[in-house]
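Observations on chain architecture
Below, each chain spelled out in residue letters.
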Amino acid sequence: MKWKIILLAAVTGLLVSCGETYQATDTGTITVSRPVYRSFTSQYPSSTNVVWSYYDPNVVILNDWDLGGWTVADQSDYAVRFNMDGEDYYAWYDSDGTWIGTAYVVRDYTRLPVMVNTSVHNLYPTYTISSVNREYYGSTTAYEITLKSDKSKVVMLVDDNGNVIKQKVKTDY
């Protein structure tokens, strides 16, 4: 009996040390490494409805990783979707647990900083905003804004002060 308890404890310890297992969208379950799990839970302790997945370059909330200047993720890295403060968040971590960045969808465009709104409307007065993501990368906060007109689409990255960091224009999309 004593050996069964020791064996059970050893197997349990081995399983726990491998990482946390989570439900992932459409892919069953994945095991999130301890460093990634610790990094996420310390950064977002009040998160709820957490869903993990491996990074998939075909399923990304951001319009263009390169536009944001983020670290390029690969399929060994993690993406996590969660809720916090009434918002839907998305965050990315590399396989070592290093935070890549976080974004959330801004649904109410009136909540954009005045300088961001002013810059967008001065540069593209005839366009309408079709989507906004607020992005965090290191100590940088920026807004990835998609604008549309009848014949073209603009994706721009604007900092909190209204400075355009990057922009791309696509005509006849």
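Here, every reference points to the structure presented above.
Residues numbered from 1 in each chain as written. Predicted model: local features only at pLDDT ≥ 70, side-chain atom pairs only at ≥ 80, totals over all residues. Heavy atoms only, no water.

Backbone geometry places Asn 49, a non-glycine residue, at a positive phi of 50 degrees. You can see Asn 49 is positioned in strand E3 (residues 48–54). Assessed through its relative accessible area of 56%, Asn 49 is described here as exposed. Here the phi dihedral of Asp 85 falls at roughly 55 degrees; this positive angle occurs in a residue that is not glycine. Relative to the assigned elements, Asp 85 resides in the loop between strand E4 (78–84) and strand E5 (87–93). We classify Asp 85 as exposed; its relative accessible area is 69%. (Helix = DSSP H or I, 4+ residues; strand = E, 2+ residues; numbered from the N terminus. Buried < 20%, exposed > 50% of the residue type's maximum accessible area, 1.4 Å probe, protein only.)

Moving on, we come to the nonpolar core. Core analysis: the biggest nonpolar cluster contains 28 residues, and Trp 52, Phe 82, Tyr 93, Ile 145, Leu 147 and Met 156 have the highest contact counts within it. Contributing elements (two or more residues each) for this core: strand E2 (28–32), helix H2 (34–43), E4, E5, helix H4 (114–123), strand E7 (128–137), strand E8 (140–148) and strand E9 (152–159). At four residues, the largest contribution of residues to this core is made by E4. Residues within four places of Tyr 93 in sequence aside, it is in contact with Val 36, Ser 39, Phe 40, Gln 43, Tyr 44, Trp 52, Asp 77, Tyr 78, Val 80, Thr 98, Trp 99 and Ile 100. Counting six residues, the second largest nonpolar core, distinct from the first, contains Tyr 55, Ala 73, Ala 79 and Ala 103. (Core = buried A, V, L, I, M, F, W, Y, C linked by side-chain atoms within 4.5 Å. Contact = heavy atoms within 4.5 Å.)

Time to look at the packing of aromatic side chains. Within the structure shown, the criterion is met by 13 aromatic pairs. Both rings, one in Phe 40 and one in Phe 82, keep their centres 5.1 Å apart while their planes meet at 75 degrees; by these two values the pair is edge-to-face. Of the two residues, Phe 40 sits in helix H2 while Phe 82 sits in strand E4, which places them 42 residues apart along the sequence. With respect to class, Phe 40 is no different from Phe 82; both count as buried. (Phe/Tyr/Trp six-rings, centres within 6.5 Å; stacked < 30°, edge-to-face > 60°.)

The next thing to look at is the pattern of salt bridges. Tallied over the full model, the rule gives three salt bridges. Among the ionic pairs, Glu 87 bridges to Arg 107, the shortest N-O distance being 3.4 Å. One end of the pair, Glu 87, is in strand E5; the other, Arg 107, is in the loop between strand E6 (99–105) and H4, with 20 residues separating them in the sequence. By relative accessible area, which is 10% here, Glu 87 ends up buried. For Glu 87, the salt bridge identified is with Arg 111, shortest N-O distance 3.0 Å. Placement of Glu 87 in strand E5 and of Arg 111 in the loop between E6 and H4 is noted, with a sequence separation of 24 residues between them. (Salt bridge = Lys/Arg side-chain N within 4 Å of Asp/Glu carboxyl O.)

Turning to the pairing of E9, a few remarks are in order. Counting buried positions over the eight residues of E9 gives seven, a clear majority of the element. Examined bridge by bridge, E9 and strand E10 (residues 164–171) share seven bridges and lie antiparallel to one another. Bridging across to E10, Val 158 finds its partner in Val 164. With antiparallel pairing between neighbouring strands as the criterion, E9 and E10 make up a hairpin whose turn holds four residues, including Gly 162 at a positive phi of roughly 90 degrees. (Pairing = 2+ DSSP bridges.)

Further remarks concern H4. Among all positions in H4, only Val 116, Asn 117, Ser 119 and Val 120 are buried. Buried residues of H4, seen end-on, are gathered within an arc of 165 degrees and therefore sit on one face of the element. Away from its buried face by more than 90 degrees, H4 exposes Val 114 and Asn 122. Looking at the buried positions of H4, the neighbouring elements they touch are E7, E8, E9 and E10. (Arc of directions from axis to C-beta.)

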